[in-house]
Amino acid sequence: MRNIALCLAIAAIAAAGCSSTDKKDEPVVTDRSSGVATPSTSSTTSGTRPTTPGTGVAVVDELRNPNSPLAKRSVYFDYDSNVVKDEFRGTVQAHSRYMGDKRDTRIRIEGNTDERGSREYNLALGQRRAEAVKKVMTVLGVQDGRIETVSYGEEKPQSPGHDEQAWAQNRRADIRYSGE
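Draft legend 1. Focus on the overall build of the protein. Each helix and strand counted, the protein has 4 helices and 6 strands in total. Beginning at the N terminus, the succession of helices and strands in the protein can be written as α-β-β-β-α-β-α-β-α-β. In the protein, the share of contacts with a sequence separation of at least 24, taken over all contacts with a separation of at least 6, comes to 62%.

Draft legend 2. Local environment of the packing of helix 2 (residues 89-101) against helix 3 (residues 119-139). Their axes nearest at 9 Å, the elements helix 2 and helix 3 cross at an angle of 55°. Considered as vectors, helix 2 and helix 3 are oriented oblique to each other. Where helix 2 crosses over helix 3, the handedness of that crossing is right-handed. Touching Arg-89, Val-92, His-95, Ser-96 and Met-99 of helix 2 are Val-133, Val-136 and Met-137, all from helix 3. By residue class, the composition of the contact of helix 2 with helix 3 is 5 nonpolar, 2 polar and 1 charged.

Draft legend 3. Just the sheet that holds strand 5 (residues 147-153), in detail. The strand order 3-6-4-5 describes an open sheet built from 4 strands, whose pairing is mixed. Among the strands making up the open sheet, the edge pair consists of strand 3 (74-76) and strand 5. Going from strand to strand, the sheet's axes swing by 20° on average, the running direction of each strand aside. For strand 4 (residues 107-112) and strand 5, the ladder comprises 6 bridges, and the chain directions are parallel. The partner of Asn-112 across the bridge, within strand 5, is Gly-153.

Draft legend 4. Representation of the nonpolar core. Ranked by internal contacts, the top residues of the largest apolar core, which has 22 residues, are Val-75, Val-84, Ile-107, Ile-109, Val-133, Met-137 and Tyr-177. Listed by contribution, the elements that provide at least two residues to this core are helix 2, strand 4, helix 3 and strand 6 (172-177). The dominant element in this core, judged by the number of residues it contributes, is helix 3, at 5 residues.

Draft legend 5. Structural view of the side chain of Arg-172. On the secondary structure map, Arg-172 appears in strand 6. Among the polar contacts listed, one links the side chain of Arg-172 to the backbone oxygen of Lys-156, at a separation of 2.8 Å. If near-sequence neighbours (up to four positions away) are discounted, Arg-172 is found in contact with Ser-74, Val-75, Tyr-76, Phe-77, Glu-110, Gly-111, Asn-112, Arg-129, Lys-156, Pro-157 and Gln-158.

Reading guide: rules and limits
Residues numbered from 1 in each chain as written. Predicted model: local features only at pLDDT ≥ 70, side-chain atom pairs only at ≥ 80, totals over all residues. Heavy atoms only, no water. Helix = DSSP H or I, 4+ residues; strand = E, 2+ residues; numbered from the N terminus. Contact = heavy atoms within 4.5 Å. Axes fitted to C-alpha atoms, helices over the stretch in contact; angles between N-to-C directions. Parallel < 35°, antiparallel > 145°, perpendicular 65-115°, else oblique. Left-handed = near helix turned anticlockwise from the far one by under 90°. Nonpolar A, V, L, I, M, F, W, Y, C, P; charged D, E, K, R; others polar. Pairing = 2+ DSSP bridges. Core = buried A, V, L, I, M, F, W, Y, C linked by side-chain atoms within 4.5 Å. Buried < 20%, exposed > 50% of the residue type's maximum accessible area, 1.4 Å probe, protein only. Polar contact = N/O pair within 3.5 Å; in protein donor to acceptor, adjacent residues only side chain to side chain.

Structure representation (structure tokens):
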């Protein structure tokens, strides 16, 4: 009994030493099975984070966490290219791993282009960009049938400008999860 009291005292001191002074009013989620209390941050209206049923452990939705690599949903391309650049392979890999963990998840990859080129050419290029991202994901183990591809060509620009900076933002493929 004395050892349990000592362990609880040490845990309380450690928790107090690790806590931030900025989060004094932060709600706490307690794991009822272990008695461990953890701070909870959430954007839900109740002020508490959803918990895994029966455990009291907070659940983090990685798709909506701005600090997660899954928050990046766009793969950008060079002019007139559908080659996935090395700098975006990590983004595609993160989404592929997530889909490997969430076997019931489906995505749509939306190919986009800048405004240069004919409508027909841009629709075809947007489709090639979406297919290129899909190919990388299937090589990484995502089942082909879980990925839909579509091209919007120049119809859904991310930037309305008419210069290289705007065009670079519009040459992309966006990853959209079912239900979004």
